[in-house]
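Geometric and topological summary
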Amino acid sequence: MRLKTVYKLIAPLILIVALGSCGKAVTDPYAFTFVSKGTLTNVGAGFTGTGSIVYSAALASPTSNNSYRVTFKLDDTGSITLVSNSSNTLVGGVSVKFSRSGGTLSGSLTVGTTTNAFTIPGTVDATGSVTIQIDIHNSETPSHVLAWTSDKTTFPSASAFLNTDGGAVSPGNGTGQYWGFILASGTLTEVALSSVKFSD
Amino acid sequence: MSGAGTGLQISAAGDLVGEFGKGGTGRLDPRETEILFFAPIDQTFDGLATMAAHYETGQLFFEVHELTIGSSKLIPRTRFRLGQFFLGVGRLNSFHRHDWPFTSAPKVHRDFFDKEGVNDTGLEVAHLFPFSFYLDLTLGITNGWKFGHSHVEGTKPVQPTHYARLATYTTLPWSGGVQVGFNYLGRRASNNFDTRLFGVDLTAKWREASFVRFLLQSEFWYRILSLPGGANDNAFGMYIFPQYGLDSQWSVGMRLDAFSGLSAASASNLDYGLVPTIQYKASEFSTIRASYNWKGRLIAGGEQNSERIFELQAIFLLGSHPAHDF
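Residues numbered from 1 in each chain as written. Chains lettered and ligands numbered in written order. Predicted model: local features only at pLDDT ≥ 70, side-chain atom pairs only at ≥ 80, totals over all residues. Heavy atoms only, no water.

For the rest of this paragraph, the subject is the overall build of chain B. Check the secondary structure of chain B and you find one helix and 17 strands. Against the globule reference of 20 Å for 326 residues, chain B gives a C-alpha radius of gyration of 20 Å, in line with a compact fold. For chain B, the spread of C-alpha atoms along the principal axes amounts to about 65 × 50 × 45 Å. Relative to its full complement of 326 residues, chain B shows a buried share of 49%. (Helix = DSSP H or I, 4+ residues; strand = E, 2+ residues; numbered from the N terminus. Rg over C-alpha atoms; globule rule 2.2 N^0.38 Å. Buried < 20%, exposed > 50% of the residue type's maximum accessible area, 1.4 Å probe, protein only.)

Moving on to the overall build of chain A. Counting its secondary structure elements, chain A contains one helix and eleven strands. Put simply, chain A runs from its N terminus to its C terminus through helices and strands in the order α-β-β-β-β-β-β-β-β-β-β-β. Counting the 200 residues in chain A, one finds 47% classified as buried. Considering only contacts in chain A between residues 6 or more positions apart, those separated by 24 or more positions represent 63%. (Contact = heavy atoms within 4.5 Å.)

Below, the discussion takes up the pattern of salt bridges. All names here are of chain B. A full pass over the atoms with the stated rule returns 16 salt bridges over all chains. In this structure, Arg81 and Glu124 form a salt bridge, with 3.1 Å as the shortest nitrogen-oxygen distance. Here Arg81, found in strand S6 (residues 78-86), pairs with Glu124, found in strand S7 (residues 119-128); they are 43 residues apart in sequence, far enough to count as distant. The partly exposed category is assigned to Arg81, whose relative accessible area is 22%. (Salt bridge = Lys/Arg side-chain N within 4 Å of Asp/Glu carboxyl O.)

This part is about a nonpolar patch on the surface. Residues and elements named next belong to chain B. Taken together, the side chains of Leu16, Phe20, Leu28, Ile288, Phe310, Leu312, Phe316 and Leu318 make up a nonpolar region of the molecular surface, amounting to roughly 670 Å² of accessible area. The greatest single-element share of the nonpolar patch, amounting to four residues, is contributed by strand S17 (residues 302-319). Along the chain, the position of Leu312 falls in strand S17. On the accessibility criterion, Leu312 (35% relative accessible area) is partly exposed. (Patch = residues over 30% accessible without salt bridge, like charges linked within 9 Å, V, L, I, M, F, W, Y side chains within 5 Å. Areas by Shrake-Rupley, 256 points an atom, 1.4 Å probe, with all protein chains shown as cover.)

Another aspect to go through is the confidence of the model for chain B. On average, residues of chain B score 93 in pLDDT, and 97% of them reach the 70 mark or higher. Scoring of the predicted complex yields 0.88 for pTM and 0.76 for ipTM. (pLDDT = per-residue confidence, 0-100.)

This part takes up the packing of aromatic side chains. Residues and elements named next belong to chain A. All told, the structure shown has 25 aromatic pairs over all chains when counted by the stated rule. Ring geometry for Tyr55 versus Phe181: centroids 6.3 Å apart, planes at 85°, classification edge-to-face. Of this pair, Tyr55 sits in strand S3 (residues 46-55) while Phe181 sits in strand S11 (residues 178-194), and the two are 126 residues apart along the sequence. This pair shows no difference in class: Tyr55 is buried, exactly as Phe181 is. (Phe/Tyr/Trp six-rings, centres within 6.5 Å; stacked < 30°, edge-to-face > 60°.)

So, on to empty space enclosed by the protein. Under the criterion given, the structure shown has two cavities of 30 Å³ or more. Of the voids in this model, the largest cavity is the one considered here, and its volume is about 110 Å³. Forming the walls of the largest cavity are 14 residues, and the residues nearest its centre are A:Ala60, B:Phe259, B:Gly261, B:Asp271 and B:Arg297. Every element with two or more residues in the lining of the largest cavity is listed here: helix H1 (107-112) and strand S14 (250-261) of chain B. For the lining of the largest cavity, the element with the most residues is S14(B), which contributes three residues. The residue inventory of the lining of the largest cavity, partitioned by class, reads three nonpolar, five polar and six charged. Computed from the structure, the second largest cavity encloses a volume of approximately 40 Å³. Around the second largest cavity sit A:Val70, A:Phe72, A:Ile80, A:Thr81, A:Leu82, A:Val96, A:Phe98, A:Ile134 and A:Phe181, which together line it. Here the lining of the second largest cavity takes five residues from strand S4 (residues 65-86) of chain A, the largest share from any one element. Of the residues that constitute the lining of the second largest cavity, the class distribution is eight nonpolar, one polar and no charged. (1 Å grid on protein atoms, 1.4 Å probe; cavity = no way out; pocket = protein on both sides within 12 Å on 5 of 7 lines; lining within 4 Å. Points joined across faces, edges and corners; volume = space filled by probe spheres on them. Nonpolar A, V, L, I, M, F, W, Y, C, P; charged D, E, K, R; others polar.)

This part covers the pairing of strand S4 (residues 46-56) of chain B. Across a regular strand the side chains alternate sides, sitting on one face of the sheet and then on the other. Residue and element names in this part refer to chain B. Looking at chain direction, strand S3 (residues 27-40) and S4 are connected through nine bridges and run antiparallel. Looking across to S4, one finds that Phe37 is bridged to Ala49. By the bridge criterion, eleven bridges tie S4 to strand S5 (residues 59-71) in an arrangement that is antiparallel. Residue Gly47 lies in a different strand from S5, and its bridge partner there is Ile69. (Pairing = 2+ DSSP bridges.)

Residues and elements named next belong to chain B. Counting through the fold element by element, Trp174 comes out in the loop between strand S9 (159-172) and strand S10 (176-188). Its relative accessible area of 74% is what places Trp174 among the exposed residues. Through-space distance from the C-alpha of Trp174 to that of Phe241 is 20 Å; in sequence the pair is 67 residues apart. If near-sequence neighbours (up to four positions away) are discounted, Trp174 is found in contact with Trp206 and Arg207.

Take the confidence of the model for chain A next. When pLDDT is averaged along chain A, the result is 86; 85% of the residues meet or exceed 70. Confidence drops under a pLDDT of 50 for residues 11-26 of chain A, and excluding neighbours within four residues, the segment shows 16 contacts in the predicted structure.

All names here are of chain B. Mapped onto the secondary structure, Arg165 falls in strand S9. On the basis of relative accessible area, Arg165 is assigned to the buried category, the value being 11%. Within the local environment of Arg165, its side chain forms a polar contact with the side chain of Gln179, the two groups lying 3.0 Å apart. Beyond its immediate chain neighbours, meaning those up to four positions away, Arg165 contacts Gly88, Val89, Gly90, Asp136, Leu137, Thr138, Gln179, Gly181, Phe182, Asn183 and Asp201. (Polar contact = N/O pair within 3.5 Å; in protein donor to acceptor, adjacent residues only side chain to side chain.)

In structure tokens:
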């Protein structure tokens with residue numbers, strides 16, 4: 001086949017590519033409602049105080065897999081819980097909780113009435129601002145949860161301080177399509193939702 | 001290559017894929033390499049062993065892909081295989097990824113099956129009915145401890161994976177033919193997530209001389225996924241891929257993907273994909289393919305998760321590779 005013919009065929013494909021580079025407006029994926037307002041107040045893109053919120057934009061599906069980059073700062077005895085794949089009242093989801101006691105940060109996973117603890121590296125400063133990248137793969141049975149500290153720029157499972165495939169036991173699966181936070185005496189500074197960082 | 005006097009056939013396949021653009025990996029990688037051994041075991045049984053290495057997070061993981069013992073000689077018009085294999089349901093799931101007519105999986109296949117396909121261990125039996133027209137029924141049951149690609153053992157399901165495919169074939173005018181398959185798959189996982197898949201696969205080909213002048217491949221799937229507590233994750237998805245052969249070496253195609261969750265929160269969303277493709281096959285043993293994967297999710301008021309990925313793929317086969325029936 002002659003090159004001229006090939007060029008004639010490629011031209012429409014190039015046109016499609018050019019048209020494809022035009023994007024539509026993206027709606028706010030972080031619009032939220034209060035599940036329990038408590039003492040929560042907005043601080044920039046985050047919240048401070050005690051209460052809970054659910055994000056209005058649903059996840060792709062109840063069995064979807066997602067990644068969350070969460071930045072927070074806790075008061076002594078404070079805690080923050082990421083709830084994923086839950087109802088719009090944060091029920092029935094996979095909960096990843098970080099609790100501070102003095103200079104120590106501890107973690108736990110909860111689904112329903114089952115809670116399993118996990119260890120957080122000592123390099124994480126419990127008294128300061130903490131950033132954690134959390135993958136929740138709810139399409140797996142049970143949900144596969146991984147977490148990395150903020151210094152990681154690539155996310156193989158081997159570098160995760162939490163990996164329920166071979167480490168802490170996953171307590172099960174969420175059954176809903178929403179996500180949000182339960183905050184107790186702390187500040188959620190920033191959150192970013194994305195596709196999973198670790199992929200088989 | 002073959003073992004002298006034994007009928008042993010050995011072949012290898014290489015699959016290189018580069019993804020560039022928004023949502024792509026930004027690099028060229030060996031996505032998969034596969035080594036395949038097949039031969040008659042004795043006068044009754046045949047054996048197949050496939051080892052594949054997949055590129056995952058910077059490393060190539062070698063693992064058993066398929067390992068089966070089977071026969072078509074024990075029961076008339078009936079063939080079976082026992083072992084680990086890609087489930088004989090649907091069209092894409094029945095083919096190794098390097099045999100697909102496009103580079104990456106449509107969303108319906110990724111979500112309902114896996115990036116490559118569902119591979120499990122069990123028994124599959126297929127019977128060709130003695131009718132004047134082609135009618136073939138495949139039934140299978142597998143462990144179901146896991147569903148999709150996984151490096152863990154999984155957990156014992158409440159109900160193992162079981163499936164059926166009823167396929168028929170008929171010729172079409174102008175040297176064409178079409179195969180239609182009606183599919184069902186069911187499983188209840190250990191967490192009581194109950195999955196039922198219903199699908200139709202349709203593949204039509206028109207040949208001219210020694211090559212396929214026109215290919216039309218499509219699948220339509222509906223999933224009922226019941227979750228504990230009464231929630232569900234029902235969804236519908238499809239893809240359609242028409243491809244035109246310019247000559248025996250060049251072909252162009254355009255895949256259209258559509259997918260929508262049917263829960264209250266997802267019903268107004270539509271995941272789409274438009275994938276124009278151009279392909280060069282110097283022979284049946286090599287393929288160079290370029291495509292543009294334009295995909296995203298349309299939601300009320302805008303779009304989410306848009307990706308614009310230029311895909312470059314090179315596939316080669318070494319040795320004698322088994323041919324597919326159609």
